[in-house]
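# Topology and contacts: notes
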Amino acid sequence: MKKPLGAVVTALVLAGAGAAPAVAAPVKDTAAPALQAVNFAGTVSLSNCSGSVIRFPNSADTDPALVMTNGHCLETGFPSPGEVITGQSSSRSFGLLNSSGSRIGTLRANQVVYSTMTDTDVTIYRLTTTYSAIRSSYGISPLTVQDTHPTAGTAITVVSGYWKRTYACNIDGFVYRLKEGDWTWKDSVRYTSACQTIGGTSGSPVIDNATGKVVAVNNTGNEDGERCTENNPCEVDASGNVTVRQGINYAEETYQIPACFTTGNKLNLSASGCTLPKP
């Protein structure tokens, strides 16, 4: 995993990176001229990770707002393999960022709606406020989660609210199984080498530059060239062949999540088309 950061380990992570990383090169606008470059609006900083305020295609402005990050960013610790957490009480706070990356407000959760590190690596929080209230108070709209499978070759930007940095690259392809320590994720996104994400970028939204929609959530990378160990995930194909790609980073797809949420942004794991792991 792209390790969650805390006060105790921040210095170690920076030391491992060599120094506080420089700001990534500006995103090249490969879309139509009318589209704006990807920015930080709607992203959030957590105490140890990154995240974003998200909505689904059928969410209403009056619905309770949601924040998405990684399962391994959960404040109560990593979910165990096979564990799915729903409806857990939470009072976690998030720093809301504007387009330039400035913190303009604090949002608070009242529930962990869903969290797992099985098949995917995601936590979704429910906030104490609505999308319309956030827009009224801060002028910030949520990011929309795309409900169709992403496409190889797509130009993307990983937007880290923790570091207030962006990473621009492309989707290199998809991994049948991505194994890291005791955890296994399905159909993961592999980045091209330009996205050199680091600890603290965990939970960052992966945004399609052309549409502005979220297509994945950033979660890990092979740091040391080790095989299938923590912080060194390996790729496993359908025949069981293992490939190690040192320095390559990954994300987990999010297109399957909208089908599991119904009216009022309520989780329904029994809904038609919902394939997320169940408790």
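So, a few notes on the structure that sits alongside this text. (Residues numbered from 1 in each chain as written. Predicted model: local features only at pLDDT ≥ 70, side-chain atom pairs only at ≥ 80, totals over all residues. Heavy atoms only, no water.)

Turning next to unusual backbone geometry. Its identity is not glycine, yet D119 carries a phi of approximately 70°, on the positive side. Looking at where D119 falls in the secondary structure, it is placed in the loop between β6 (103-116) and β7 (122-130). Judged by its relative accessible area of 25%, D119 is partly exposed. Backbone geometry at C228 places phi at a positive 65°, although glycine is not the residue there. Looking at the secondary structure, you find C228 in the loop between β13 (214-221) and β14 (234-236). (Helix = DSSP H or I, 4+ residues; strand = E, 2+ residues; numbered from the N terminus. Buried < 20%, exposed > 50% of the residue type's maximum accessible area, 1.4 Å probe, protein only.)

Another point: the nonpolar core. Counting residues in hydrophobic clusters, the biggest one holds 44 residues, and the most contacted among them are V53 and F94. Those elements giving two or more residues to this core turn out to be β2 (50-55), β3 (64-69), β4 (84-89), β5 (93-97), β6, β7, α2 (131-138) and β13. Counting residues per element, this core draws most heavily on β6, which supplies five residues. Once you skip the residues sitting within four places of it in the chain, F94 turns out to touch V44, S45, L46, V67, R103, G105, T106, L107, R108, A109, Y125 and L127. Counting 13 residues, the second largest nonpolar core, distinct from the first, contains C169, V206, A216 and A251. (Core = buried A, V, L, I, M, F, W, Y, C linked by side-chain atoms within 4.5 Å. Contact = heavy atoms within 4.5 Å.)

Looking now at the state of the cysteines. Applying the stated criterion across every chain, the model contains four disulfides. Here C169 engages in a disulfide with C195; their sulfurs sit 2.1 Å apart. The disulfide joining C169 to C195 has a torsion of about -95° about its S-S bond and is therefore left-handed. Of the two residues, C169 is situated in strand β10 (residues 165-180) and C195 in the loop between β11 (183-191) and β12 (205-208); the sequence distance between them amounts to 26 residues. Residues C169 and C195 agree in their burial class; the two are buried. Cysteine pairing for the chain, with bonded cysteines counted in sequence order: 1-2, 3-4, 5-6, 7-8. (Disulfide = S-S within 2.5 Å.)

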